[in-house]
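Structure assessment
Residues per chain, in single letters:
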Amino acid sequence: MQRAFAYFAAFTGMGVLFAGTLLLAAIVLGVGTASGNPGPSASQPASQEPSGPIGTIEIHAFDLGFEPAEISVDSPGVYTVTFVNDGGTLHDVTFADGTRIEAQGRQQASGTVTIPAEGMDFICSVPGHADGGMEGRVTVGGDHASHGANPSPAESMTAQEMLEHDAARTNAFPAETAGKGNVILEPTILPDGTKQWELTASVFDWETEPGVVVEAWGYNEMVPGPQLRAEVGDRIRIILHNELPAPTTIHFHGMLVPNAMDGVPVLNQPAVMPGETFTYE
């Protein structure tokens, strides 16, 4: 009987202690909630800005232009860019913040860019391509005018106005411009009868139309490059001086030449580095 009473007292005491612990926890949680500090069960997730891309932009490149050249997005933020090169040569899309995505001809590439609230311009950074028309702009909210972008001719002109504008533009050429091009370059005749020319590849200013000067890469500071005239059976020698900031070679289209003179870097010859000279014969 005494042992049974002892068991009863022990279990009763443990029950009271457990109930007291629950009561204390309830009081603490209640006080925390009442004081404005919710417990774990009442916590609310903090609002967060999207950490990844909020949309996509697709840009097609052709020779020489972008489609579309005017792009509108709903809001500033990070966008996934799909760049499709429909042209036959290397192009890239380079945004004003330095983001650059490139693709070889008939290929595509992707990347991300952060578009600010004021929008952003983009170009093809391959030398000469932006001057040839490869430029565009991304605007935010569809407001092209507020960011200084020009509407396309189809949006700003009637069909008759476009016809007249095109005719006036065409009739402005040929125009007198500085510089020269397609000039016959006379050879030096060596003692054995070999005809020798010297070509210098360099970067220079080229006036494409009166008052419009662009940076050109060419031979002997002219566009088109000089004419080299020879007769069937002549032995010729061309000394190439590379003053470009990039490697270069000369490839002779439509001519039967020794394999080592075919001008395909790595396959036929080493690329001619800046400051170097190579002789084709």
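Placed above this text is the structure.
Residues numbered from 1 in each chain as written. Predicted model: local features only at pLDDT ≥ 70, side-chain atom pairs only at ≥ 80, totals over all residues. Heavy atoms only, no water.

**Some details on the overall build of the chain**
The test is simple: Labels follow the DSSP assignment, with helices taken as runs of H or I lasting at least four residues and strands as runs of E lasting at least two, numbered in each case from the N terminus. When a residue's accessible area, from a 1.4 Å probe over protein chains only, is under 20% of the maximum for its type it is buried; when over 50% it is exposed; and in between it is partly exposed. The contact criterion used is simple: two residues touch if any of their non-hydrogen atoms lie within 4.5 Å. Where accessible areas are quoted, they stem from the Shrake-Rupley method and a 1.4 Å probe; at the residue level, only the protein chains shown are allowed to cover.
Secondary structure assignment for the chain yields 3 helices and 14 strands. Put simply, the chain has 281 residues, and 26% of those count as buried. Across the chain, every contact between residues at least 6 apart in sequence was considered, and the portion connecting residues at least 24 apart equals 57%. Element-wise, carbon and sulfur atoms account for 57% of the exposed surface of the chain, whose accessible area totals about 18,400 Å².

**Here's the deal with a negative patch on the surface**
To keep it simple, the criterion reads: Patch members must show over 30% relative accessible area and no salt bridge, and they are joined within 9 Å when carrying like charges or within 5 Å when they are nonpolar side chains of Val, Leu, Ile, Met, Phe, Trp or Tyr. Each reported salt bridge corresponds to a side-chain nitrogen of Lys or Arg within 4 Å of a carboxyl oxygen of Asp or Glu. Charge assignment in this entry is limited to Lys and Arg as positive and Asp and Glu as negative, and neither His nor the chain termini are counted. Taken as the charge location is NZ of Lys, CZ of Arg, CG of Asp or CD of Glu.
On the surface, Asp-131, Glu-135, Asp-205 and Glu-215 cluster together into a patch of negative charge. With respect to the element layout, Glu-135 can be found in strand β9 (residues 135–140). Accessibility expressed as a relative area gives 48% for Glu-135, which makes it partly exposed.

**Brief notes about the nonpolar core**
To be explicit about the condition: Nonpolar cores were defined as sets of buried Ala, Val, Leu, Ile, Met, Phe, Trp, Tyr and Cys residues, with membership established by side-chain atoms within 4.5 Å.
Of all hydrophobic cores here, the largest spans 22 residues; its most connected members are Ile-57, Ile-59, Phe-66, Phe-95 and Ile-115. At the level of elements, β1 (55–62), β3 (70–73), β4 (77–85), β5 (91–95), β6 (100–103), β7 (108–115), β8 (120–123) and β9 are the ones that each hand at least two residues to this core. Here Phe-66 is in contact with Ile-59, His-60, Ala-61, Phe-83, Asp-92, Val-93, Phe-122, Ile-123, Cys-124, Met-134 and Glu-135, once residues within four sequence places are set aside. Of all hydrophobic cores here, the second largest spans 12 residues; its members include Ala-201, Ile-238, Ile-250 and Val-272.

**A short note on the sheet that holds strand β2 (residues 65–67)**
What counts here: Pairing between two strands is assigned when DSSP locates at least 2 bridges connecting them. Only the contacting stretch of a helix is used when fitting its axis, a line to C-alpha atoms as for every element, and angles between N-to-C directions run 0 to 180 degrees.
With respect to topology, 4 strands assemble into an open sheet ordered β2-β1-β4-β7, the strand pairing being mixed. The sheet is open, and its two edges are formed by β2 and β7, each paired on a single side. Strand-to-strand twist of the sheet, defined as the mean angle between neighbouring strand axes without regard to direction, takes the value 30 degrees. Here β1 runs beside β4; their pairing, made up of 7 bridges, is parallel. Each bridged residue has a counterpart across the sheet, and for Gly-55 the counterpart in β4 is Tyr-79.

**Some words on the pattern of salt bridges**
One pass over the structure, following the stated rule, counts 7 salt bridges. A salt bridge links Asp-234 to Lys-195; its shortest N-O distance comes to 2.8 Å. Taken as a pair, Asp-234 in the loop between β12 (212–219) and β13 (236–242) and Lys-195 in strand β11 (residues 195–209) lie far apart in primary sequence, 39 residues in all.

**Section: the side chain of Asn-85**
So the rule is basically this: Any pair of nitrogen or oxygen atoms within 3.5 Å is treated as a polar contact; in protein, a donor-acceptor pairing is required on top of that, and neighbouring residues in sequence qualify only through side-chain atoms on both sides.
Within the element layout of this structure, Asn-85 appears in strand β4. In this structure Asn-85 comes out as buried when scored by relative accessible area, which is 1%. Among the polar contacts made by the side chain of Asn-85, one reaches the main-chain amide nitrogen of Gly-87 at a distance of 2.9 Å. Apart from residues no more than four positions distant in its own chain, Asn-85 is found in contact with Ala-61, Leu-90, His-91, Ala-103, Gln-104, Gly-105, Arg-106 and Gln-107.

**Remarks on the packing of aromatic side chains**
Note the threshold: In this scheme Phe, Tyr and Trp rings, the latter by its six-membered ring, pair at centre separations within 6.5 Å, and the angle between planes marks the pair as stacked below 30 degrees, edge-to-face above 60, and tilted otherwise.
Applying the stated rule across the entire model yields 4 aromatic pairs. An angle of 55 degrees between the planes, with centres 5.7 Å apart, marks the rings of Phe-95 and Phe-122 as tilted. A residue pair is termed long-range when its members are at least 10 positions apart, and Phe-95 in strand β5 and Phe-122 in strand β8 qualify at 27 residues. Using a relative accessible area of 2% as the deciding quantity, one classes Phe-95 as buried. Its relative accessible area of 1% is what places Phe-122 among the buried residues. Taken together, a centroid distance of 5.5 Å and an interplanar angle of 75 degrees make the contact between Phe-252 and Tyr-280 edge-to-face. One end of the pair, Phe-252, is in the loop between β13 and β14 (277–280); the other, Tyr-280, is in strand β14, and 28 residues separate them in sequence. Accessibility assignment for this pair places Phe-252 and Tyr-280 in one class, buried. In textbook terms, an aromatic cluster arises when at least three aromatic residues are bridged by ring pairs, as seen for Phe-66, Phe-95 and Phe-122.

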